[in-house]
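If you want the building blocks of each chain, they are given just below.
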Amino acid sequence: MSVTKPIHAAQTGFPVADGCLQVGGIPVTRLAQRVGSTPFYAYDRRLLSERVAQVRTHMPAALELHYSVKANPMPALVQHLAGLVDGLDVASGGELKVALDTGMVPGRISFAGPGKSEAELRQAIAAGACIHAESERELRTVARLGADLGIAPQLVLRINPDFELKGSGMRMGGGAKQFGIDAEEAPRMLALAATLGLDVQGFHIFSGSQSLKADAIIEAQAQTVELALRLAEASSNPVRMLNIGGGFGIPYFPGEARLDLAPIGAALDLLLPRVQSALPQAKVSIELGRYLVGEAGVYVARVVDRKVSRGQVFLVTDGGLHHHLAASGNFGQVIRKNYPVAIGNRMGSGDTEAVSVVGPLCTPLDVLADRMELPRADVGDLVVVFQSGAYGLSASPTAFLGHATPSEVLV
Ligand SMILES: *Cc1c(COP(=O)(O)O)cnc(C)c1O
């Protein structure tokens, strides 16, 4: 059985002092006291700000940066990011409320996602948020609700492209999809929108998620722009908004290399002027979720028991699958790999052993680390799961087995 090697603190972005990991400049042991209970999620403001700044450094100045709230909807974190990005992308009425509460200009909040309810569409129109229509039914409903409310809806068409982001962890465009309007259907929808008296401001073309390959992202962006220019020809109104998607990934597993932003920025430096000359009124944006927040967050659980079963050491913690489904391996549907895990109060200790870190649930799937080399730990020590700032708590089955919901802190 192979054992996952420990990660070095320097790879994580979180500082270490006196063998203790710091989040938000606070040693994780002290942070646990402050929070008052384990487990908890902690997000580091400095790392969030630095990540946005890093993206801005590499991307053309004219490119707008949006945050996809779905990745982490914690209100304090969304508030922090609202002050740093140009827009917020939401995918439900609940996320719309979180976004509006930040004070972000409503026209800079976009609402995409299949199957929006009438209540959600009405809220979005009333608030002045931009609706990304994903079907003919949504177009017709938006027209009717806009007329009822006496408000001209802010509207963009979400397009299901005729290509996909190659090698992405999650395909969300290309082929048959529940997302967006098929690119070949767009001319008909644009004509329908015109007869319904709707002003379509532009297009949203999202081709995939969690890509670590700059080349694949560059290729998808070029195809996205080509498609947008073709769609613009079918549009009677000038294109004012063009969301070219995102898909920037972060490394989760051993051997994965970090995405290189420099070539993506360089390619966009050449691509944007093409858009600007063909569509002079278009604001071009990218939407990033996990890339902005994933590496700025940790999940911290306390060791409550240490057991040896037939020679294998198990650290049993008070946290697990119910709080962090992704780190546990998504209910065993995929070949499970270890997220980066450390003993937060024993960083860099040379006294290591191979252990499995498990949670308190009565299922063998409740695993945070399967045979990983970690500093020798005991009851009371703090297990830290890195890369936990995105798709953590809000993407986990917290009701499963009825344990308390963990706290979240932004520090
Ligand atoms: C989920 C989603 C995103 C964010 O994806 P990340 O992988 O977190 O960057 C962006 N755009 C759309 C349309 C999405 O559905």
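Residues numbered from 1 in each chain as written. Predicted model: local features only at pLDDT ≥ 70, side-chain atom pairs only at ≥ 80, totals over all residues. Heavy atoms only, no water.

Draft legend 1. Just the overall build of the chain, in detail. Tallying secondary structure elements over the chain gives 11 helices and 22 strands in all. For the chain, whose C-alpha radius of gyration is 23 Å, the value lies close to the compact-globule estimate of 22 Å for 411 residues. Dimensions of the chain, computed from C-alpha atoms along their principal axes, come out at roughly 70 × 40 × 35 Å. For the chain, buried positions account for 55% of its 411 residues. In the chain, of all internal contacts separated by at least 6 residues, the share reaching a separation of at least 24 is 72%. Side chains of the chain carry 36 positive and 39 negative charges; the gap between the two charge centres is 3 Å. (Helix = DSSP H or I, 4+ residues; strand = E, 2+ residues; numbered from the N terminus. Rg over C-alpha atoms; globule rule 2.2 N^0.38 Å. Buried < 20%, exposed > 50% of the residue type's maximum accessible area, 1.4 Å probe, protein only. Contact = heavy atoms within 4.5 Å. Lys, Arg positive; Asp, Glu negative; His and termini not counted. Charge placed at Lys NZ, Arg CZ, Asp CG, Glu CD.)

Draft legend 2. Structural view of the side chain of S388. Residue position: S388 is located in the loop between β21 (382-385) and β22 (407-410). When neighbours within four sequence positions are excluded, S388 is seen to be in contact with Y41, Y43, G294, G297, V298, Y299 and H324.

Draft legend 3. Representation of the sheet that holds strand β2 (residues 20-23) within the structure. Taking strand neighbours across the sheet as the criterion, the three strands line up as β1-β2-β3 in an open arrangement whose pairing is antiparallel. The two strands at the open ends of the sheet, each matched to only one other strand, are β1 (16-17) and β3 (26-27). (Pairing = 2+ DSSP bridges.)

Draft legend 4. Spatial organisation of the site of the ligand. Surrounding the ligand, one finds 13 residues, the nearest of these being K70, S209, G289, R290 and Y391. In this structure, an oxygen atom belonging to the ligand sits 2.8 Å away from a main-chain N or O atom of R290. Within the side chain of Y391, a nitrogen or oxygen atom sits 2.6 Å from an oxygen atom of the ligand. Protein coverage of the free-state accessible area of the ligand, which is 390 Å², stands at 93%. Considering only residue class, the shell around the ligand consists of four nonpolar, five polar and four charged. (Near = heavy atom within 4 Å. Polar contact = N/O pair within 3.5 Å; in protein donor to acceptor, adjacent residues only side chain to side chain. Areas by Shrake-Rupley, 256 points an atom, 1.4 Å probe, with all protein chains shown as cover. Nonpolar A, V, L, I, M, F, W, Y, C, P; charged D, E, K, R; others polar.)

Draft legend 5. Representation of the pattern of salt bridges in the model. All told, the structure shown has 22 salt bridges when counted by the stated rule. A salt bridge links E373 to K5; the nearest nitrogen and oxygen atoms lie 3.0 Å apart. Placement of E373 in strand β20 (residues 367-375) and of K5 in the segment before β1 is noted, with a sequence separation of 368 residues between them. On the basis of relative accessible area, K5 is assigned to the exposed category, the value being 60%. Note that R371 and D370 form a salt bridge whose closest N and O atoms lie 3.0 Å from each other. Residue class for D370 comes out partly exposed when judged on its relative accessible area of 30%. Salt bridges linked by common partners bring E136, R140, E185 and R188 together as one network. (Salt bridge = Lys/Arg side-chain N within 4 Å of Asp/Glu carboxyl O.)

Draft legend 6. Structural context of a nonpolar patch on the surface. Where nonpolar side chains cluster on the molecular surface, the patch consists of F331, L365, F400 and L401 and spans about 320 Å² of accessible area. As for its position among the elements, L401 is in the loop between β21 and β22. (Patch = residues over 30% accessible without salt bridge, like charges linked within 9 Å, V, L, I, M, F, W, Y side chains within 5 Å.)

Draft legend 7. Quick look at the packing of aromatic side chains. For the structure shown, the criterion picks out eight aromatic pairs. Aromatic side chains Y252 and F253 sit 6.0 Å apart centroid to centroid with 40° between the ring planes, which places their arrangement in the tilted category. Here the aromatic cluster, defined as three or more aromatic residues joined through ring pairs, consists of Y41, Y43 and Y299. In this structure, R51 is placed above the aromatic ring of Y291, and the distance from its NZ or CZ to the ring centre is 4.3 Å. Positioned above the aromatic ring of F111, the side-chain terminus of K116 is 5.7 Å from the ring centre. (Phe/Tyr/Trp six-rings, centres within 6.5 Å; stacked < 30°, edge-to-face > 60°. Lys NZ or Arg CZ within 6 Å of the ring centre and 35° of its normal.)

Draft legend 8. Layout of the packing of helix α4 (residues 93-101) against helix α5 (residues 118-127). One can describe the packing of α4 onto α5 by two numbers: an axis separation of 10 Å at closest approach and a directional angle of 20°. Here α4 lies roughly parallel to α5, going by the angle between them. You can see that α4 and α5 cross each other, and the crossing is left-handed. Seen from α4, the contacting residues are G93, L96 and L100; seen from α5, they are E120, Q123, A124 and A127. Considering only residue class, the contact of α4 with α5 consists of four nonpolar, two polar and one charged. (Axes fitted to C-alpha atoms, helices over the stretch in contact; angles between N-to-C directions. Parallel < 35°, antiparallel > 145°, perpendicular 65-115°, else oblique. Left-handed = near helix turned anticlockwise from the far one by under 90°.)

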